[in-house]
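Structure at a glance
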Amino acid sequence: MTQPNTEQENDILKKGTLVYFSASIWGETTKIRGKDILNTDAETELIDNVKHKIDKNWLASLKKLRSRAREYLYNRAYTFPIPGFIFVPKGNIIKIDDAMNSFENEFASLVDSFIGKYPGYIEEMRRRLGSLYNPLDYPPNIRQYFAFTWRFLSLCHENNTELLSPETIRREEASFRQMVDEFRNTASSTLRTAFVEMVNRTVERLSGEKKIFRDTLIGNIREFIDGFSTMNINNDVELAAAVDRCNKILAGVSIDVIRSNDQFRHSIASSIQGVQAQLSTMMVNAPIRKLRKVG
């Protein structure tokens, strides 16, 4: 990679790495002709503009795991203007790699379980699909249709890979610099917006009359605060001050006490409203964030 034009650009690229994640699951549906839908004895829940080759419940655990892994990953990273990749701050790389290894092991175990039942599933679908059953829908080597992968890719010039070769970067140098600038602005906006949403939700819930709160009401903010120094790759001093202020307000606060003590609850809400006001001035004219939804 050619040397970035500015020290600021170089710094942002040295603060983390790109990650590509993919979890492939065998497709449970296939297209079906209209006339076949009208002339079939298949169970109705297996026909919905497409034919369900397998009961969707048999793959549900794998799909839930894929969503959990994606959510874990995206909650500790930023979107990046290269399709399929996200930017992970250095401080999160080891914990993410460990977590993805665990997810991969769980994924493999679920695949083994599915494959063990696969012959029985085929026989059941032969009965349930009736005239729509097609043995060609069920590949003998089903394992190859499942995969759980993640890949780290450094953007620093001393760590080139064939995916972003020096020739490619040189050919589109201006475009690459613009992409990095877009990422820097988006990352800053994303972090601010995420914290604003947490604070707003907390103030709204604590200021109301209801005393029923999930533990996550405070737990999510604390998790954000604990990981903030790692995620603050743009050294956002203003946001750091707001986060620190919120951290001091919530230090030692118990959700059980908040539930049981109205006066204390309103006191905490009032204090966090001060953070809310501080954040509102920071968000004026802030760039619009681009977030990829999880799930």
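A brief report on the enclosed structure follows. Being a predicted model, the structure only gives us computed values, none of them experimental. (Residues numbered from 1 in each chain as written. Predicted model: local features only at pLDDT ≥ 70, side-chain atom pairs only at ≥ 80, totals over all residues. Heavy atoms only, no water.)

Structural notes on the nonpolar core
- Of all hydrophobic cores here, the largest spans 44 residues; its most connected members are F195 and L279.
- Where this core is concerned, the elements lending two or more residues are α1 (7-14), β5 (85-89), α6 (173-207), α7 (216-231), α8 (237-250), α9 (255-260) and α10 (262-282).
- For this core, the element with the most residues is α6, which contributes eleven residues.
- Apart from residues no more than four positions distant in its own chain, L279 is found in contact with F195, V196, V199, L239 and A242.
- If you look at the next biggest cluster of nonpolar residues, it comprises 37 residues, including A23, A77, A99 and F107. (Core = buried A, V, L, I, M, F, W, Y, C linked by side-chain atoms within 4.5 Å. Buried < 20%, exposed > 50% of the residue type's maximum accessible area, 1.4 Å probe, protein only. Helix = DSSP H or I, 4+ residues; strand = E, 2+ residues; numbered from the N terminus. Contact = heavy atoms within 4.5 Å.)

Considering α7
- Of all the bends in α7, the greatest measures close to 30 degrees and is centred on I225.
- Buried residues of α7: L217, I218, I221, F224, I225, F228 and M231, and no others. (Bend = angle between axes of the 7 residues up to and from the residue.)

Notes on the packing of aromatic side chains
- In the structure shown here, the tally under the stated rule is 19 aromatic pairs.
- Seen in terms of ring centroids, W26 and Y118 are 6.1 Å apart; in terms of plane orientation they differ by 90 degrees. Their pairing is edge-to-face. Within this pair, whereas W26 is found in the loop between β1 (16-24) and β2 (29-31), its partner Y118 is found in helix α4 (residues 90-129), the two being separated by 92 residues in sequence. The two residues W26 and Y118 agree in class, both being buried.
- Centre to centre, the rings of F114 and Y121 are 5.4 Å apart; their planes meet at 45 degrees, and the pair counts as tilted. (Phe/Tyr/Trp six-rings, centres within 6.5 Å; stacked < 30°, edge-to-face > 60°.)

So, the sheet that holds β1
- The four strands lie next to each other as β4-β5-β1-β6, forming an open sheet whose pairing is antiparallel. Of all strands in the sheet, those bounded by a partner on one side alone are β4 (78-79) and β6 (147-153).
- Running over the sheet, helix α3 (residues 60-74) touches β1, β5 and β6 and is turned about 170 degrees from β1. (Pairing = 2+ DSSP bridges. Axes fitted to C-alpha atoms, helices over the stretch in contact; angles between N-to-C directions.)

Things to note about the environment of Y133
- Locating Y133 in the fold gives a position in the loop between α4 and β6.
- With 82 residues separating them in the primary sequence, Y133 and K51 have C-alpha atoms 9.5 Å apart.
- Discounting chain neighbours no more than four positions away, the residues touching Y133 are I122, M125, R126 and Y138.

Comments concerning the pattern of salt bridges
- Going through the model one piece at a time under the given rule, you end up with 16 salt bridges.
- Note that D112 is salt-bridged to R143, the shortest N-O span being 2.9 Å. In this pair, D112 is assigned in helix α4 and R143 in the loop between α4 and β6, connecting sequence segments 31 residues apart.
- Given a relative accessible area of 43%, R143 falls into the partly exposed group.
- The closest approach of N and O atoms between R127 and E124, which form a salt bridge, is 4.0 Å. Within this pair, R127 and its partner E124 are both found in helix α4, separated by three residues, close to a single helical turn.
- One connected set of salt bridges, linked through shared partners, spans D55, E124, R127 and R128. (Salt bridge = Lys/Arg side-chain N within 4 Å of Asp/Glu carboxyl O.)

What about the packing of α3 against α4?
- In contact at an axis separation of 10 Å, α3 and α4 are set at 175 degrees when each is read in the N-to-C sense. The orientation of α3 with respect to α4, classified from their angle, is roughly antiparallel. Together, S61, L62, L65, R68, A69, Y72 and L73 of α3 and K95, I96, A99, M100, F103, E106, F107, L110 and V111 of α4 make up the contact between the two elements.
- Across the contact of α3 with α4, the residue classes tally to twelve nonpolar, one polar and three charged. (Parallel < 35°, antiparallel > 145°, perpendicular 65-115°, else oblique. Nonpolar A, V, L, I, M, F, W, Y, C, P; charged D, E, K, R; others polar.)

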